[in-house]
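Breakdown of the fold
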Amino acid sequence: MRWTQSYIPTLREDQSEAELISHQLLLRGGYIRKLASGVYLYLPLMQRVIHKFSNIVREEMNRAGALEITMSVLCPSEVWKETGRYSTVGKEQMRMKDRHEHEMILCGTHEETVTSLIKGEVKSYRQLPLNLYQIQVKFRDEIRPRFGLMRGREFIMKDAYSFDATEESFDESYQKMVDAYFRIFKRAGLDVVKVESDTGAMGGKAAHEFMLLVNTNGGEEIIFFCDKCDYTANVEKADFRPSNKVSTDAELKELKIVDTPGAATIEEVTAFLKVDANRLAKTLLYMADGKPVAAMVRGDRELNLTKLKNVTGAVELEMATPEQVMKSTSAPVGFAGPVGLKSCPIYVDPLVAGIKNMIVGANANEKHMLNVNIGRDFKATEVIDLTSAQDGDHCPHCDGYLSSKQGIEVGNTFMLGTKYSESLGAKFLDAEGKEHPIIMGSYGIGITRTPQAALEKYHDDMGIIWPKDIAPFLVELIPLNMEKESLVETAEKIYKELTEAGIDVLLDDRSDRAGVKFNDADLIGLPVRITIGDKSLKEGKVELKARSRDEVGKVPVEEVVSAVKELLKKLN
Ligand code: ATP
Ligand code: MG
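Residues numbered from 1 in each chain as written. Chains lettered and ligands numbered in written order. Predicted model: local features only at pLDDT ≥ 70, side-chain atom pairs only at ≥ 80, totals over all residues. Heavy atoms only, no water.

1. Quick word on the overall build of the protein chain
Helix and strand counts for the protein chain stand at 16 helices and 31 strands. Counting over 572 residues, the protein chain shows a buried share of 53%. Taking the intrachain contacts of the protein chain between residues at least 6 apart in sequence as the baseline, contacts between residues at least 24 apart amount to 69%. Entry remark: accessible area of the protein chain is about 26000 Å², with carbon and sulfur atoms responsible for 50%. On the protein chain, the mean spot of the 75 positive side-chain charges and the mean spot of the 87 negative ones are 0 Å from each other. (Helix = DSSP H or I, 4+ residues; strand = E, 2+ residues; numbered from the N terminus. Buried < 20%, exposed > 50% of the residue type's maximum accessible area, 1.4 Å probe, protein only. Contact = heavy atoms within 4.5 Å. Areas by Shrake-Rupley, 256 points an atom, 1.4 Å probe, with all protein chains shown as cover. Lys, Arg positive; Asp, Glu negative; His and termini not counted. Charge placed at Lys NZ, Arg CZ, Asp CG, Glu CD.)

Shown next, in the form of structure tokens:
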């Protein structure tokens, strides 16, 4: 491809819409443009990246025996009503009516569609196992679309769905996908870790996420690792045993209300009362599908929203507004407490239940209660784990310790069980003629998210450094002066030779200054750069440089193709 015949609108200035470096680089490198919040257009360079990554995914899925199909993005809402997800997915689902007033949705995932597809057609155990996949647009009206392609509303996903007759066969199918995932990410130049995750609205018995660990603020996910065994889980899911022993009173003391003027936060209250935060219990108010719920966690720990969501069974869980807090507790934010709180269920974390004579808000402005005891002074709707793991907690499985890293979820795998096949009636007959629901799994990879996630790792101050297998082109060819016939001729010759050797080249044939071309080359980040300048060419040579390395080599014009091949072999 010639630069002048392509469309690569690079930008000099940082773009204010981008918080993350990867997003910034895709905008500035002329890879993407935003149309609306969470909706992006993929320009020619990005389109090539998407093709390269999709092809890796496709090859590995095919190798694992999965079959590619394409399912429509548009779907009648009926099947979603049959599985019950029409009411549980919530506002993330885009809904509309067609001209016949028929309710339709845009799919954010395709379990319903694929199960209706095979239902009635797959009738016998002889037709199983089966795995169908697609690489297709998804639409999710995300509550907080952000970070460019990382969390879009419209994005591309590879989604696969497995169908098995027995648990043993399912375990094999699941493992095949896990193996394929490791191969896919490795080929894309990415080391990922597999972690236990929450099953969320998807349902099913267990799930795993594939995380790319990053040191930048692009890591939306926190992942815990045990330092002794191989336990890894994301923060939403991570179990733990608390490691810090808390001193506790021997006797239950008498309930007391004290004034705490100006003290509403944990820091302020502990400073004012001169106590440790672990003697306090926070009472946090949330709206679960519009109804208030209270969650109590220890003052020194964080509430885990996923755990609370699972406990309440809510589809939408939002923090209560100050007005809602006032309505439920008769006090401003910061003074909620469980004693006398009748307006909502109270979920209590076991760490809170373990505090004797705890300190809580008094449901009155600038007042707290001392010596509060569960059972004696208030009743819990349920005592259940609501706390996020934190660094230094004990592993739930061994005596090791947990520590956390930041990561980006690039793929995941769900053991769905028979949730969808039962609700939609996808059944098969076994060898004895007995009917069973098909055992299912579903497997996603972010086709647009993953390349951007890669950039959180692969960049420097100058721009992108693509891993070679997902780079839009492998080589950028830069004649330094388009006025000089000898340079242009050599560029054309090398361009032809590389192209014939099957190596994708971008020829920067613009008549811009060398500085402009070099800056753009560093910005768009192709793995190899060939520079054709007057001086070297007089010796019959051109300059060869890897984007990821500082050294510049000189290579005779005749040997360029083999030198490029050699260099590429050494690159990630
Ligand atoms: P997340 O927890 O990040 O919202 P998810 O659990 O909703 O992800 P899945 O529904 O399993 O993800 O989707 C499979 C894959 O699709 C994810 O691993 C991710 O790579 C990608 N993906 C999910 N949501 C988005 C999005 N809004 N924008 C871009 N890619 C996404
Ligand atoms: Mg999601």
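Next comes the rest of the description.
2. Looking at the pairing of strand E10 (residues 206-213)
Of all 8 residues that make up E10, 6 are buried, and the element is covered over most of its length. Judged from the 8 bridges that link them, E10 and strand E21 (residues 402-417) form a sheet pairing that is antiparallel. When the bridges of E21 are listed, Leu213 appears paired with Gly407. (Pairing = 2+ DSSP bridges.)

3. Description of empty space enclosed by the protein
The gaps left among the atoms become clear once a water-sized probe is rolled over them. Applying the stated rule across the entire model yields 3 cavities of 30 Å³ or more. As a volume, the largest cavity reaches approximately 60 Å³. Of all the elements in the fold, those that place two or more residues in the lining of the largest cavity are helix H14 (514-524) and strand E30 (541-546). (1 Å grid on protein atoms, 1.4 Å probe; cavity = no way out; pocket = protein on both sides within 12 Å on 5 of 7 lines; lining within 4 Å. Points joined across faces, edges and corners; volume = space filled by probe spheres on them.)

4. Focus on unusual backbone geometry
With omega at 0 degrees, the peptide bond leading from Leu128 into Pro129 counts as cis. Of note, Pro129 is situated in the loop between helix H5 (111-118) and strand E7 (130-139). In this structure, Asn357 takes a positive phi of about 55 degrees despite not being glycine. Looking at the element boundaries, Asn357 is found in the loop between helix H10 (350-353) and strand E18 (358-361). Overall, Asn357 belongs to the buried group, its relative accessible area being 3%. We note that Asn371 has phi near 60 degrees; this positive angle belongs to a residue other than glycine.

5. Some points on the site of ligand 1
Taken together, 16 residues are adjacent to ligand 1, and Arg140, Glu142, Arg151, Glu409 and Asn412 come closest. In this structure, a nitrogen atom belonging to ligand 1 sits 2.8 Å away from a side-chain N or O atom of Glu142. The contact in question runs from an oxygen atom of ligand 1 to an N or O atom on the backbone of Gly446, over 3.1 Å. Within the complex, the protein chains bury 88% of what would otherwise be the 590 Å² of accessible surface of ligand 1. For the shell around ligand 1, the elements supplying multiple residues, two or more each, are strand E8 (154-164), E21 and strand E24 (439-446). The element best represented in the shell around ligand 1 is E21, accounting for 5 residues. Considered class by class, the residues forming the shell around ligand 1 number 6 nonpolar, 5 polar and 5 charged. (Near = heavy atom within 4 Å. Polar contact = N/O pair within 3.5 Å; in protein donor to acceptor, adjacent residues only side chain to side chain. Nonpolar A, V, L, I, M, F, W, Y, C, P; charged D, E, K, R; others polar.)

6. Re the nonpolar core
Residues Tyr31, Phe53, Ile184, Phe185 and Trp466 are the most contacted members of the largest nonpolar core, which totals 60 residues. When residues of this core are assigned to domains, at least three fall in each of domain 1 (15-219 + 404-455) and domain 3 (473-570). Ile494, Tyr495, Leu507 and Ile530 belong to the second largest nonpolar core, which has 27 residues in total. (Core = buried A, V, L, I, M, F, W, Y, C linked by side-chain atoms within 4.5 Å. Domains from an automatic or database assignment.)

Geometric values such as these leave the question of function open.
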